[in-house]
Amino acid sequence: MQQILNFVIRNKTFLLFFLLFVISLGLTIQSHSYHKSKFINSANFLTGGIYESASSVSDYFDLNDQNEILVLENNRLRSQIFNSSDSILTTTAYIDSVSFNGRYRVQSAKIINNNYSSSKNYLTINKGEKDAIKEDFGVITSKGIVGIIDNTSNGYARVLSILNMKSRINAQLKASNHIGSLKWDGKSSATTVQLADISKFAPVKKGDSIMTGGQSTIFPKGIPIGTIESYTLDSSGDTYTIQVKLFNDMTNISHVYVIENLDSEEIKLLENPIDE
């Protein structure tokens, strides 16, 4: 307290001047509309800048929550797309997933490990049996397919990447109904896979899109895969082998969607009856 008093005494002349200056400035602003409006505009500009900066900081720290909200919203929209043939869609709440009165259920997951440099590549996601993840569930991103679940534990699952020589996925030309088998030769880069067994009568054209064919219990029809980069007629002369440039950057994947076909067991039982 004594130091404060000493400061006031030492600077009494300046403090008196400053006090009178503030009073005169206030009186000037109050008595002149022009000065008053300028002051208000300046104050609004200053506070607006402060609020904008504070909002930017708040938004930055809120990005993770917003990303989770967007992922859940994408789950809902993708489920609607995959089940669009149903006339009425009824949602059921899950912790991290969306379920519809349709054929497919979609839930999100994060990639925690991704291999793409060997001939047999796998990915690992942070969802497993406790999240109702099972083998033969499809895995995609917003850009296209990633692979198929081939092994699970309680909290995690392994994905057989499309960049794996063991991978076989039903695919078709978007421009027609010609179906083939999507595979990887283990030699091409992480951006290119091969579509084999396409009829020589198919309208193949560079730049055309390739998508899932829907003739399996794993992926719905119409999920994007990539575009035709080049193609050659096989030695038999009956089929094409097509080089497909992937939409997905398989070296840079973070969030994925896991697709469950709710009718898969029924279809498998019908196609492979026990008594045969």
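Quick look at the structure, then. (Residues numbered from 1 in each chain as written. Predicted model: local features only at pLDDT ≥ 70, side-chain atom pairs only at ≥ 80, totals over all residues. Heavy atoms only, no water.)

**Regarding unusual backbone geometry**
Move 1: In the Ramachandran plot, alanine 132 falls in the positive-phi region, its phi being about 65 degrees despite a non-glycine side chain.
Move 2: Tracing the sequence through the fold places alanine 132 in the loop between strand 4 (120-125) and strand 5 (138-140).
Move 3: Alanine 132 gets classed as partly exposed once you look at its relative accessible area, which sits at 36%. (Helix = DSSP H or I, 4+ residues; strand = E, 2+ residues; numbered from the N terminus. Buried < 20%, exposed > 50% of the residue type's maximum accessible area, 1.4 Å probe, protein only.)

**Quick notes on empty space enclosed by the protein**
Move 1: Evaluation of the coordinates by the stated rule reveals 1 cavity of 30 Å³ or more.
Move 2: The space that makes up the largest cavity amounts to roughly 30 Å³.
Move 3: Surrounding the largest cavity, Arg105, Val106, Gln107, Ile133, Phe137, Val258, Ile259 and Glu260 form its lining.
Move 4: Where the lining of the largest cavity is concerned, the elements lending two or more residues are strand 3 (104-114) and strand 14 (255-261). (1 Å grid on protein atoms, 1.4 Å probe; cavity = no way out; pocket = protein on both sides within 12 Å on 5 of 7 lines; lining within 4 Å. Points joined across faces, edges and corners; volume = space filled by probe spheres on them.)

**Quick word on the nonpolar core**
Among soluble globular proteins, nonpolar side chains are generally buried collectively.
Move 1: Ile125, Ile145, Leu173, Leu182, Leu195 and Ile242 are the most contacted members of the largest nonpolar core, which totals 45 residues.
Move 2: The residues touching leucine 173, leaving out its near neighbours within four places in the chain, are His178, Leu195, Ile198, Ala202, Pro203, Val204, Ser209, Ile210, Ile228 and Ile242. (Core = buried A, V, L, I, M, F, W, Y, C linked by side-chain atoms within 4.5 Å. Contact = heavy atoms within 4.5 Å.)

**Notes on the sheet that holds strand 10 (residues 192-199)**
Move 1: Sheet architecture is closed into a barrel: 6 strands sit in the order 8-9-10-13-12-11, paired in antiparallel fashion. Mean inter-strand twist for the sheet, computed between neighbouring axes without regard to direction, equals 40 degrees.
Move 2: Pairing analysis gives 6 bridges linking strand 10 to strand 13 (residues 239-246), with the strands arranged antiparallel. Each residue of the ladder has a partner; that of isoleucine 198, found in strand 13, is tyrosine 240. (Pairing = 2+ DSSP bridges. Axes fitted to C-alpha atoms, helices over the stretch in contact; angles between N-to-C directions.)

**With respect to the pairing of strand 7 (residues 157-164)**
Move 1: The buried count for strand 7 comes to 7 of 8 residues, which makes it a mostly enclosed element.
Move 2: Alignment of strand 6 (residues 145-152) against strand 7, held across 5 bridges, turns out to be antiparallel. Along strand 7, the bridge assignment pairs glycine 147 with serine 161.
Move 3: If you look at the hairpin formed by strand 6 and strand 7, you'll find 4 residues sitting between the two strands.

**A word on the side chain of aspartate 208**
Move 1: Assignment of secondary structure puts aspartate 208 in the loop between strand 10 and strand 11 (209-212).
Move 2: Buried charge aspartate 208 goes without a salt bridge, the closest partner of opposite sign being lysine 205 at 4.3 Å.
Move 3: In this structure, aspartate 208 is in contact with Ala175, Pro203, Gly226, Thr227 and Ile228, ignoring residues within four places of it in sequence. (Lys, Arg positive; Asp, Glu negative; His and termini not counted. Salt bridge = Lys/Arg side-chain N within 4 Å of Asp/Glu carboxyl O.)

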